[in-house]
Amino acid sequence: MSLFKKQQIVLASGNPGKISEIQAMLAGHSIIPQSQFCIADAEETGSSFVENAIIKARNAAWHSHLPAIADDSGLVVDALNGAPGIISARYAGSGASDQENLQKLLGELQDIPDAQRSARFICVLVFMEHAKDPCPLIAQGIWEGRILQQPIGTNGFGYDPVFWVPEHACSSAQLSAGVKNSLSHRGQALNRLTQLIKERECDQWLY
């Protein structure tokens, strides 16, 4: 099995933003959201990004009988002791919209000055060749920035409009998709994951 031969890979997510980002970075491969297989979301019972990503990848691979990629990512804000963290997608409650999560975040930070609004996006990606893969490949990416006082920009999704990118002097939501993918936590994690898969394939060929 090789990721670098065109194949179907199930993505354990129905988030259109994540799907489009990963598909763009894995051009030439067919990234299929698990919803096309009527696979229900796995219950995220882990206490870390790594644990939740493994749970989601295994669930998608088990039900689809295909290789699976799962992403668990979130925003970590220092002034909030790491919140929203692993509950970033449901910070304002189960089923909350991106806008509701964003507004809750800004509300929690309303009295925090700019100098103390440091934050980072963290992404963990897991690739499993099959549901019983005993050695899933795990890659992590970290994107440093800070939280703005108000949203700026219309690109991206989630917390992008309030995540300030110092090296470009704009919010993540003001970056083009190509620039964002080259900088982002997800882009970093995916680049590392593809390298890990290449290394595994070389080892399998040698032995």
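The coordinates are above.
Read on for a plain summary of the structure.

Definitions and cut-offs
- Residues numbered from 1 in each chain as written.
- Predicted model: local features only at pLDDT ≥ 70, side-chain atom pairs only at ≥ 80, totals over all residues.
- Heavy atoms only, no water.
- Helix = DSSP H or I, 4+ residues; strand = E, 2+ residues; numbered from the N terminus.
- Rg over C-alpha atoms; globule rule 2.2 N^0.38 Å.
- Buried < 20%, exposed > 50% of the residue type's maximum accessible area, 1.4 Å probe, protein only.
- Contact = heavy atoms within 4.5 Å.
- Lys, Arg positive; Asp, Glu negative; His and termini not counted.
- Charge placed at Lys NZ, Arg CZ, Asp CG, Glu CD.
- Core = buried A, V, L, I, M, F, W, Y, C linked by side-chain atoms within 4.5 Å.
- Salt bridge = Lys/Arg side-chain N within 4 Å of Asp/Glu carboxyl O.
- Pairing = 2+ DSSP bridges.
- Phe/Tyr/Trp six-rings, centres within 6.5 Å; stacked < 30°, edge-to-face > 60°.

**Looking at the overall build of the protein**
Check the secondary structure of the protein and you find 5 helices and 7 strands. Of the regular secondary structure in the protein, the N- to C-terminal order runs β-α-β-α-β-α-β-β-β-β-α-α. The C-alpha radius of gyration computed for the protein amounts to 17 Å, which stays within 12% of the reference 17 Å derived for 207 residues, consistent with globular compactness. Projected onto its principal axes, the C-alpha coordinates of the protein cover approximately 55 × 35 × 25 Å. Per-residue burial for the protein yields a buried fraction of 51% across its 207 residues. Look at the contacts in the protein between residues 6 or more apart in sequence, and 58% of them connect residues 24 or more apart. Considering the protein, the positive charge centre built from 16 side chains and the negative charge centre built from 21 side chains are found 5 Å apart.

**Topic: the nonpolar core**
Core analysis: the largest hydrophobic core is formed by 19 residues, its most contacted members being Leu75, Val77, Leu105 and Ile147. Mapped by element, the contributors of at least two residues to this core are strand S3 (68-77), helix H3 (98-108), strand S4 (118-128), strand S5 (137-147) and strand S6 (163-165). It is H3 that provides the largest number of residues to this core, a total of 3 residues. Among all residues touching Val77, those that are not within four sequence positions of it are Gly82, Ala83, Pro84, Leu105, Leu109, Ser118, Ala119 and Ile147.

**A word on unusual backbone geometry**
Here Ala83 and Pro84 are connected by a cis peptide whose omega angle stands at -5°. Mapping Pro84 onto the fold places it in the loop between S3 and H3. Backbone geometry at Asn81 places phi at a positive 55°, although glycine is not the residue there. Structurally, Asn81 is set in the loop between S3 and H3.

**Here we look at the pattern of salt bridges**
Applying the stated criterion across every chain, the model contains 9 salt bridges. Lys104 is the partner of Glu108 in a salt bridge, and the nearest nitrogen-oxygen pair spans 3.3 Å. With Glu108 and Lys104 both in helix H3 and 4 residues apart, the pair spans about one turn of that helix. You can call Glu108 partly exposed: its relative accessible area is 41%. Each member of the salt-bridge network shares a partner with another, and the members are Glu44, Lys56, Asp72 and Arg90.

**Side note on the sheet that holds S4**
The 7 strands lie next to each other as S2-S1-S3-S4-S5-S6-S7, forming an open sheet whose pairing is mixed. Two strands lie at the open edges of the sheet, namely strand S2 (30-33) and strand S7 (170-171), each paired on one side alone.

**As for the packing of aromatic side chains**
This structure, assessed with the given rule, holds 3 aromatic pairs. Residues Phe121 and Trp143 carry aromatic rings whose centres are separated by 6.2 Å and whose planes lie at 35° to one another, so their mutual orientation is tilted. Of this pair, Phe121 sits in strand S4 while Trp143 sits in strand S5, placing them 22 residues apart in sequence. Assigned by exposure class, Phe121 and Trp143 land together as buried. With a centroid separation of 5.2 Å and 55° between ring planes, the pair formed by Trp143 and Phe163 is classed as tilted. Here Phe163 lies in strand S6 and Trp143 lies in strand S5, a separation of 20 residues in the sequence. By the burial criterion, Trp143 is buried, and Phe163 matches it.

**Comments concerning the pairing of S3**
The element S3 is largely enclosed, with a buried count of 10 among its 10 residues. Strand direction decides the pairing type here: strand S1 (residues 8-11) and S3, joined by 2 bridges, are parallel. Within S3, the residue paired with Val10 across the bridge is Ala68. Bridge analysis of S3 against S4 gives 10 bridges, and the strand direction is antiparallel. Looking across to S4, one finds that Ile69 is bridged to Phe127.

**Description of the environment of Pro16**
For Pro16, the location among the structural elements is in helix H1 (residues 16-25). Distance in space between the C-alpha atoms of Pro16 and Pro33 is 8.9 Å, their sequence separation being 17 residues.

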